[in-house]
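Topology and contacts: notes
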Amino acid sequence: MSQRIPWSSHRVRLRDAVVEGYLVNDSPLRVGAGREPPLGSAVDLAVLRVAIGGKKVPYIPGSSLKGVFRSTAMQLALAKGLHACSGLSGYTCMDQEFTEYGGSTLMGYVQDRLRVGDVMEAIRAFHEKACLLCKMFGSPSFTGHVVFSDADPLDERGEVVEVPIGVRTGIAIDRRTGAVHAGALYQVEYVEPGARFRFTIAATNLPNYALGLLFKALRMLHEGWVRVGGFKTRGFGRVHVEDLRISIWGLTVEQGKLVAIDDKDLEVDLGSIARVEEHKVVAEGAVAWQVVGKLEEVWEQCSARLKS
Ligand SMILES: [Zn+2]
């Protein structure tokens, strides 16, 4: 058991999960290059665009989605009393110093072990010391297990869909004095409500509780507790999920059952709700949301045990 390679290692492939669907914005959506308009300058803030099939279209970068999911998951983990870091450079689990590693950081220790060829100890130390979020979403010099693709305005056939863009004029306020900057009008571009962005999230090796945490973040986004992009305080960035599809497959999927991946995990039986194929479960639409709910329950049940 103790010699088993932990799920956070990329040296084992225990299962794959793909979550796909459409993010549809219910309020103006702004994913731009900068966070807020620079004060005192009248600038046009354009939304980010990507070239697809010769057209420049707005999109939601995977990195933005990853940021939303990680920060939501962090709040959820902290609320359960778990150790969880933000993943911000310089403040991650990798930057923490440990007395048992001679005061060295986790990163230093792991790299040291790798240098002398003690790979198993490097894997063990990371798995033991890094928080669940670092294992799921990654950490400096460690690739995570959840990959967010860019969400592009594509239809079912992969064709680019027209995305209506609006422009609003804002007034730059000096944050210190609260005064309006002289002549500080700026124009902000945004995506009009109703645009559909096709997204894909691919996860490997996640235990059922970690899938549950990911799914809870997805539901919070869907229900509007969490928003995407900028100008959130002005009501921007409310999205919901349509045409959700979840598929999970691999050696740890048996007859519709997702087996427990570590000793903190709980088995889930999706056989009665999802479509079961050999070593694979697939769920779409309302059934996919039932799967989300089932795994959220596992997160709730396991989170107390994850503390120890
Ligand atoms: Zn961490």
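Since we're looking at a predicted model, the values are computed, not measured.

**Brief notes about the overall build of the chain**
Of regular secondary structure, the chain possesses six helices and 14 strands. Here the C-alpha atoms of the chain give a radius of gyration of 22 Å, agreeing with the 19 Å that 2.2 N^0.38 yields for 308 residues. By its C-alpha atoms, the chain is 65 × 50 × 35 Å across when sized along the principal axes. Relative to its 308 residues, the chain shows a buried fraction of 48%. Nonlocal contacts in the chain, meaning residues at least 24 apart in sequence, comprise 71% of its contacts between residues at least 6 apart.

**Thoughts on the coordination of the zinc ion**
The coordination sphere of the zinc ion contains the protein donors Cys85 (SG), Cys93 (SG), Cys131 (SG) and Cys134 (SG), at a distance range of 2.2 to 2.4 Å. If you look at the zinc ion, its four donor atoms make angles of 91 to 118 degrees with each other, and the shape they trace is tetrahedral.

**Topic: the environment of Val19**
With respect to the secondary-structure elements, Val19 resides in strand S1 (residues 16-25). The class for Val19 is buried, based on a relative accessible area of 3%. Taking the C-alpha atoms as reference, Val19 lies 4.7 Å from Ile246; in sequence the two are 227 residues apart. Here Val19 is in contact with Phe199, Thr200, Ile201, Phe215, Leu218, Leu244, Arg245 and Ile246, once residues within four sequence places are set aside.

**Topic: the side chain of Arg15**
Inspection of the secondary structure puts Arg15 in the segment before S1. Here Arg15 occupies a buried position and makes no salt bridge, while the nearest side chain of opposite charge, Asp265, is found at 5.1 Å. A distance of 3.0 Å separates a polar side-chain atom of Arg15 from the backbone oxygen of Leu206. Side-chain polar atoms of Arg15 contact the side chain of Thr252, separated by 2.8 Å.

**Notes on helix H6 (residues 285-303)**
The first and last C-alpha atoms of H6 sit 27 Å apart over 19 residues, in line with the 27 Å expected at 1.5 Å per residue. Here H6 has its buried residues at Ala288, Trp289, Val291, Val292, Leu295, Glu296, Val298, Trp299, Cys302 and Ser303. The arc enclosing the buried residues of H6, seen along the axis, measures out at 165 degrees, which places them on a common side.

**Topic: the sheet that holds strand S11 (residues 257-258)**
Pairing in this open sheet of three strands is antiparallel, and the strands run S10-S11-S12 from one edge to the other. Where the open sheet ends on each side, the last strands, each with one partner, are strand S10 (253-254) and strand S12 (268-269). When S11 meets S12, the two strands line up antiparallel, connected through two bridges. Looking at the pairing, Leu258 lines up with Val268 of S12.

**Some points on the packing of aromatic side chains**
Across all of its chains, the model carries seven aromatic pairs by this definition. Pairing Phe69 with Phe148 gives two aromatic rings, centres 5.1 Å apart and planes at 45 degrees, and the pair type is tilted. Placement of Phe69 in helix H1 (residues 62-79) and of Phe148 in strand S5 (residues 146-148) is noted, with a sequence separation of 79 residues between them. Judged on exposure class, the residue Phe69 and its partner Phe148 are both buried. Measuring from ring centre to ring centre gives 6.2 Å for Phe137 and Phe148, while their planes differ by 15 degrees; the resulting arrangement is stacked. In this pair, Phe137 is assigned in helix H4 (residues 132-137) and Phe148 in strand S5, connecting sequence segments eleven residues apart.

**Describing the side chain of Thr204**
Note on placement: Thr204 falls in strand S8 (residues 196-204). When residues no more than four places from it in sequence are discounted, the contact partners of Thr204 are Arg13, Arg15, Asp16 and His145.

**What about the pattern of salt bridges?**
The final tally for this structure, using the stated rule, is 21 salt bridges. The partner of Arg115 in a salt bridge is Asp112, and the shortest N-O contact between them spans 2.7 Å. With Arg115 and Asp112 both in helix H2 (residues 106-115) and three residues apart, the pair spans about one turn of that helix. For Asp112, a relative accessible area of 34% corresponds to the partly exposed category. The network of salt bridges with shared partners includes Lys80, Lys216, Arg219, Glu223, Glu296 and Glu300.

**Examining the packing of H2 against helix H3 (residues 119-129)**
Where H2 meets H3, the closest approach of the two axes is 7 Å, and the angle between their N-to-C directions is 160 degrees. For the element pair H2 / H3, the angle class is roughly antiparallel. Remark: the crossing between H2 and H3 carries left-handed chirality. Each of Leu106, Tyr109, Val110, Arg113 and Leu114 in H2 lies in contact with H3, whose residues at this interface are Val119, Glu121, Ala122, Ala125, Phe126 and Lys129. Residues that form the contact of H2 with H3 fall into these classes: eight nonpolar, no polar and three charged.

**Describing the nonpolar core**
Of all hydrophobic cores here, the largest spans 80 residues; its most connected members are Met136 and Leu244. Considering each element in turn, this core owes the most residues, nine residues, to helix H5 (residues 208-222). Those residues in contact with Leu244 that sit more than four places away from it in its chain are Val19, Glu20, Gly21, Phe199, Leu218, Ala283, Glu284, Gly285, Ala288, Trp289 and Val292. With six residues, the next largest nonpolar core counts Tyr186, Val188, Phe231 and Phe236 among its residues.

Here is what the cut-offs are and how they apply
Residues numbered from 1 in each chain as written. Predicted model: local features only at pLDDT ≥ 70, side-chain atom pairs only at ≥ 80, totals over all residues. Heavy atoms only, no water. Helix = DSSP H or I, 4+ residues; strand = E, 2+ residues; numbered from the N terminus. Rg over C-alpha atoms; globule rule 2.2 N^0.38 Å. Buried < 20%, exposed > 50% of the residue type's maximum accessible area, 1.4 Å probe, protein only. Contact = heavy atoms within 4.5 Å. Donors = N, O, S within 2.8 Å, 3.2 Å for Na, K, Ca; no water. Tetrahedral: all angles 85-135°; square planar, octahedral: opposite > 155°, others 65-115°. Lys, Arg positive; Asp, Glu negative; His and termini not counted. Salt bridge = Lys/Arg side-chain N within 4 Å of Asp/Glu carboxyl O. Polar contact = N/O pair within 3.5 Å; in protein donor to acceptor, adjacent residues only side chain to side chain. Expected span 1.5 Å × (residues − 1). Arc of directions from axis to C-beta. Pairing = 2+ DSSP bridges. Phe/Tyr/Trp six-rings, centres within 6.5 Å; stacked < 30°, edge-to-face > 60°. Axes fitted to C-alpha atoms, helices over the stretch in contact; angles between N-to-C directions. Parallel < 35°, antiparallel > 145°, perpendicular 65-115°, else oblique. Left-handed = near helix turned anticlockwise from the far one by under 90°. Nonpolar A, V, L, I, M, F, W, Y, C, P; charged D, E, K, R; others polar. Core = buried A, V, L, I, M, F, W, Y, C linked by side-chain atoms within 4.5 Å.

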